Structure formats: structure tokens, C-alpha cells
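Each chain, written out:
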Amino acid sequence: MAHSDQKMTQRMGFVLTPNFALMSYASAIEPLRAANLISGLQLYDVVTLSSGGHQVRSSSGLMVECRSLAEEGQDFHTVFVCAGGVASDWVDSDGLYGALRKLSRQGVRIGGISSGAYVLAAAGLIENRDFTIHWEHATLLKEAFPNLSPRHARYVIDGDRITCGGGVAPLDMMHATISERMGSHFARRVSDWYLHTVVSEPTASQRGSAAERFSTHHPALLTVLEKMEDTIEQPLSRTALAQLVGISTRHLDRLFTSETGISFLETYRSIRLRHAQRLLEQSPLSISEIAFATGFSSASHFSRALKSLTGKSPGNFRLKFPHD
């Protein structure tokens, strides 16, 4: 059932951070524009913002005009932070964190799109809250805020907090938001406008299945591979993983060789090192901190392993963080 405020305009703010993802931003604002056109009413007033009111450059190089978050007042229904890039793009510039906290105290719903949840975490706005973030930045958030644990979901609505994983997931999130206000039939008309014929559930995965990522359909091996991805900081033993799926270690070794073409140890190390590479590229953590966060006993051990896999030392991946 749609709410009784259908004819009232809801002001929706979108705060852009440097190198924000243009697809995520468009996927969020376009359904609101379509809702206005289809209804013939000004249901939503979309306002693009930045912390200082200056233009913001997207990851694709497009410059977007923005109004000042601090000067736009408090009459927003929802304010989303739309972020992308790396952690150095999500700093507290021009009082961004304080402005978001102030809006929250005033009763404005606060949201995060793509890596926007990282900004909300840094501002202290999602403690004890259910939330999600783009899968590529989930580990970085957990390293920076160990007390927080994002859900593996396309979007999460937890009261006055609303977050989504970015990409095309905002289409699903906005379908839910519009449906909540205007009813499911109207929301379907908006989704059909964008050929968005399959609306995903909020709990749907952000990524392709493990079967697609690892090119195997063996159920026991898939369970082990997914467990490997979840235990990067403290890798489990071959024995523990074999027991998890009820097979012998010898059988587990045979599965890795026959199904993936590489050994158990090589696979686990590759998963950990690919994760470490993302941290090197995206986070300000030191090389030693990243080594320990990916289960290596020392920075030198980590450096040797990374160079063996990629042909590059950790420093080659630190273009954004030359202090290492």
C-alpha cells in the first residue's frame, strides 16, 4: 500500500566523492527522474551535492556540478553518499562527516552507495546497524573498522540507514524505495522504463557464484573455496577444510588438482595474494599491516610470495600511497 504523502515532494540528496562511480550514481537518480515523469508529479527533487559545493570528477573523468552539502539545509528526506575509487578519496574534506552526523540528528535518512558505507562508518553512522558495501571494498572496511561487518547483499534497508553495493544494485534499491512509497505496481512501471525486468531481492549476491569464479561445480570443492575466501587473515589447515566437507585430505588434494589444475596450497595463497593486491591498491595500510591481514608471518615473506605470483613487489601496487 502506498503512503498518503504521494503528492508531497521528497528531497533526495546525493553527495559525490572524488572518483565516484558514474554507473552507481546514474542507477540511483534515474529511477527517481522516471518516477516524476510517469506520475506527472514532482515526487522527488534530486539534488547533487559535494562537501564543499565544488565540481566532482567521476571515475570516468566526467565532471559533475554540485551544490554545497552544508549550505543546502536540512529539508532532505534522504541523503546518499555515492563513492568509489580508493580510501584516500573518502576523507573528511570540508566537514563532510560532521555534516552527515548533523543531518542524521535532524532525522534525515542517511545512505551509502557503492563504497559510500565506508564514509558512513568513518562518520560513526552505522555502528550497530545492518549495512552493505561494494564487495571490492568490504575487506578494506573490515580492516579499518574491525567492529563492523557488512552483509553480502545487493542492498540493505535498516530503518533510517540505506546502503547498496553500487553498479546496477541502486536500480533494485530504488525499486524498493519507490514501491514503499507509491506501491509495487507503480514501482514496476518505473523499472520497466529502464528494461529492468528482473528486480533482485536485497539478499541477492553482488558477485557471480563461486562456481563461475573458480570454474568448477563440485559441491565439496566450492564449499572449501568459499571458506578459503572467508578465512584470509587466519588461513585454515588442509585437515580442517577436509573435515568441513567430510572428505580425506588426500581426496581434497585430488579435487584441487583435477578441478582447478593447481594445488591446495597454491590456490589458497593465490586467493590471499589477490586480496592483498586489492588492499595495496586501495588502502593506506602499511605493507606490514597488509601482510599480517592476509595471513603472512612477515612483510618479507609476503613480498616474496607476491612477486612470485605477479612479478611485482608490493611497492609497485602502491601508486596512491607512496609513503611505504
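Here's what I pulled together on the structure shown here. In this text the structure is predicted, and so the values were computed from the model without any measurement.

Observations concerning the environment of Thr257
Tracing the backbone through its elements, the reader meets Thr257 in helix α10 (residues 249-259). Between the C-alpha atom of Thr257 and that of Glu233, which follows or precedes it by 24 residues, the distance is 24 Å.

A word on unusual backbone geometry
Most peptide bonds are trans, and most residues other than glycine sit at a negative phi. With a phi angle near 55 degrees, Asp94 is a residue other than glycine that sits in the positive phi range. Within the chain, Ser215 stands out as a residue other than glycine whose phi angle is a positive 55 degrees. Relative to the helices and strands, Ser215 is located in the loop between α7 (210-214) and α8 (219-230). Residue class for Ser215 comes out exposed when judged on its relative accessible area of 59%.

Quick word on the pairing of strand β1 (residues 10-16)
In terms of burial, β1 is a largely internal element, 7 of the 7 residues being buried. Here β1 shows two buried faces, one formed by Gln10, Met12, Phe14 and Leu16 and the other by Arg11, Gly13 and Val15. Read as a crossover between parallel neighbours, the route from β1 over helix α1 (residues 22-39) to strand β2 (residues 44-50) is right-handed. With 5 bridges connecting them, β1 and strand β6 (residues 78-83) associate as parallel partners. Residue pairing across strands places Gly13 opposite Val79, the latter belonging to β6.

Description of the nonpolar core
Inside soluble globular proteins, nonpolar side chains tend to come together where they are buried. Residues Leu69, Val79, Leu100, Tyr118, Leu141 and Phe302 are the most contacted members of the largest nonpolar core, which totals 45 residues. Contacts of Phe302, omitting those with residues within four sequence positions, involve Leu273, Ala276, Leu280, Ile287, Ile290, Ala291, Thr294, Phe296 and Pro314.

Points about the pattern of salt bridges
Per the stated rule, a full pass over the model turns up 11 salt bridges. Taking the shortest distance from any N to any O, the salt bridge between Arg129 and Asp160 comes out at 2.8 Å. You can see Arg129 sitting in the loop between α3 (116-122) and α4 (135-144) and its partner Asp160 sitting in the loop between β8 (155-158) and β9 (161-164), a full 31 residues away along the chain. Judged by relative accessible area, which is 27%, Arg129 ranks as partly exposed. What makes Asp160 partly exposed here is its relative accessible area of 30%. When the shortest N-O distance is used, the salt bridge between Asp192 and Arg188 registers 3.1 Å. With Asp192 and Arg188 both in helix α6 (residues 184-193), this residue pair falls 4 residues apart, about one helical turn.

With respect to the packing of helix α9 (residues 238-245) against α10
Taken N-terminus to C-terminus, the directions of α9 and α10 make an angle of 90 degrees; their axes are 9 Å apart at the nearest point. Classified by the angle between their axes, α9 and α10 sit roughly perpendicular to one another. Of the residues in α10, those in contact with Arg238, Thr239, Leu241 and Ala242 of α9 are Thr249, Leu252 and Asp253. Per-class residue counts for the contact of α9 with α10 are 3 nonpolar, 2 polar and 2 charged.

With respect to α6
Residues three or four positions apart in an α-helix share a direction because the helix packs 3.6 residues into each turn. Looking at α6, one finds that the buried residues are Phe186, Ala187, Val190 and Ser191. Take α6 and look down its axis: the buried residues cluster within an arc of 140 degrees, on one side only. Of the surrounding secondary structure, the elements contacted by the buried residues of α6 are α1 and α5 (169-182). Two residues or fewer after α6 comes Leu195, characterised by a positive phi angle close to 55 degrees.

Reading the values: rules and limits
- Residues numbered from 1 in each chain as written.
- Predicted model: local features only at pLDDT ≥ 70, side-chain atom pairs only at ≥ 80, totals over all residues.
- Heavy atoms only, no water.
- Helix = DSSP H or I, 4+ residues; strand = E, 2+ residues; numbered from the N terminus.
- Buried < 20%, exposed > 50% of the residue type's maximum accessible area, 1.4 Å probe, protein only.
- Right-handed = clockwise from strand over helix to strand, strands pointing away.
- Pairing = 2+ DSSP bridges.
- Core = buried A, V, L, I, M, F, W, Y, C linked by side-chain atoms within 4.5 Å.
- Contact = heavy atoms within 4.5 Å.
- Salt bridge = Lys/Arg side-chain N within 4 Å of Asp/Glu carboxyl O.
- Axes fitted to C-alpha atoms, helices over the stretch in contact; angles between N-to-C directions.
- Parallel < 35°, antiparallel > 145°, perpendicular 65-115°, else oblique.
- Nonpolar A, V, L, I, M, F, W, Y, C, P; charged D, E, K, R; others polar.
- Arc of directions from axis to C-beta.

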